[in-house]
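Observations on chain architecture
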Amino acid sequence: MSEIPTITPKEVEAKLQNGEKLALVDVREDDEVSLGMIPEAKHIPMAEIPERLEEFDQGVEYIFVCRSGRRSDNVSRFMQMEGFQVRNMIGGMLEYEGHTEPKN
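Structural notes, computed from the coordinates. For clarity, every value in this text was computed on a predicted model and none was experimentally measured.

Once that is clear, we can look at the packing of aromatic side chains. For the structure on display, the rule yields four aromatic pairs. Residues Phe 56 and Tyr 62 carry aromatic rings whose centres are separated by 4.9 Å and whose planes lie at 80 degrees to one another, so their mutual orientation is edge-to-face. Summarising the burial analysis for this pair, Phe 56 and Tyr 62 share the class buried. A network of ring pairs unites the aromatic residues Phe 56, Tyr 62, Phe 64 and Phe 84 as a single cluster.

Here is the structure:
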């Protein structure tokens, strides 16, 4: 299996501030995202990813986000094996300093 490409929280924040459209997917649990998530991210808990593959497009690069970067790395590896373009946000939300909003 090939190496999973990564992106830092600062790089994500800079891209969003520059108006870039990113396909961010937050794979944390409901109680975690209720405390705050990147507003542009779509929330799909890690356990639901395999059953929701039809929501993803193989022509899009997805950036997976979790609390520390471990779960998102696991999801990135799974999605790469399924043929998707992926990037893992290393350091996760623990290192993200940009704007967040609680998920309703």
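Reading across the sheet, the five strands line up as β1-β5-β4-β2-β3 and stay open at both edges, with parallel pairing between neighbours. Every interior strand has two partners, whereas the edge strands, β1 (6–7) and β3 (42–43), have only one. Bridge count for strand β2 (residues 23–26) against β3 is two bridges, and the pairing is parallel. Directly across from Asp 26, in β3, lies its bridge partner His 43.

Cut-offs applied
- Residues numbered from 1 in each chain as written.
- Predicted model: local features only at pLDDT ≥ 70, side-chain atom pairs only at ≥ 80, totals over all residues.
- Heavy atoms only, no water.
- Phe/Tyr/Trp six-rings, centres within 6.5 Å; stacked < 30°, edge-to-face > 60°.
- Buried < 20%, exposed > 50% of the residue type's maximum accessible area, 1.4 Å probe, protein only.
- Pairing = 2+ DSSP bridges.
- Helix = DSSP H or I, 4+ residues; strand = E, 2+ residues; numbered from the N terminus.

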